[in-house]
Amino acid sequence: MSGRVLVVEDDEQISEILSYRLEIADYEVTVIDDGDDCWAYLEETDELPDAMLLDVMLPGIDGFGVLRRLQRTDRYDGMPVILITGRGLEDDVIQGFDLGADDYIVKPFSPSEVVARLNRLL
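Worth saying up front: this structure is predicted, and the values here are computed from it rather than measured. (Residues numbered from 1 in each chain as written. Predicted model: local features only at pLDDT ≥ 70, side-chain atom pairs only at ≥ 80, totals over all residues. Heavy atoms only, no water.)

Draft legend 1. Broad picture of the packing of helix H2 (residues 35–44) against helix H3 (residues 63–71). With their axes 10 Å apart at the nearest point, H2 and H3 run at an angle of 25 degrees to one another. It follows that H2 is roughly parallel to H3 by the angle criterion. Remark: the crossing between H2 and H3 carries right-handed chirality. Contact residues: H2 offers Gly 35, Cys 38, Trp 39 and Leu 42, while H3 offers Val 66, Arg 69 and Leu 70. Of the residues belonging to the contact of H2 with H3, the class tally is five nonpolar, one polar and one charged. (Axes fitted to C-alpha atoms, helices over the stretch in contact; angles between N-to-C directions. Helix = DSSP H or I, 4+ residues; strand = E, 2+ residues; numbered from the N terminus. Parallel < 35°, antiparallel > 145°, perpendicular 65-115°, else oblique. Left-handed = near helix turned anticlockwise from the far one by under 90°. Contact = heavy atoms within 4.5 Å. Nonpolar A, V, L, I, M, F, W, Y, C, P; charged D, E, K, R; others polar.)

Written out as structure tokens, the structure is:
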């Protein structure tokens, strides 16, 4: 197995596409569709994901909020986060990187490219 990936995406079609492509690449995938549920999952799980694919525009805590919390908690140091979002303005991209994102992908995207970028980080 290539590793465990947490996909945090509220668009069911996008999360299904990502899950399918990641599973083909031999990743174990967990999908969560809400920022609050993402944070609860991370706090409750004993086995952290090896990486996270994180949408910015989510119900509950948005993706930038999740990143802020990750940065304030040592437990998550070293866990790569790739933002996947429709927010492609320069200010959004800069904010994502300033908050600690390891990569930033603007929708629409190529699922194969997402896997390639994830492989590079892991």
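Draft legend 2. Representation of the packing of aromatic side chains. Enumeration over the complete set of coordinates arrives at two aromatic pairs. Each ring, one from Phe 97 and one from Tyr 104, has its centre 6.3 Å from the other, and the planes form 45 degrees; the classification is tilted. Here Phe 97 falls in the partly exposed class, since its relative accessible area comes to 39%. The buried category is assigned to Tyr 104, whose relative accessible area is 8%. (Phe/Tyr/Trp six-rings, centres within 6.5 Å; stacked < 30°, edge-to-face > 60°. Buried < 20%, exposed > 50% of the residue type's maximum accessible area, 1.4 Å probe, protein only.)

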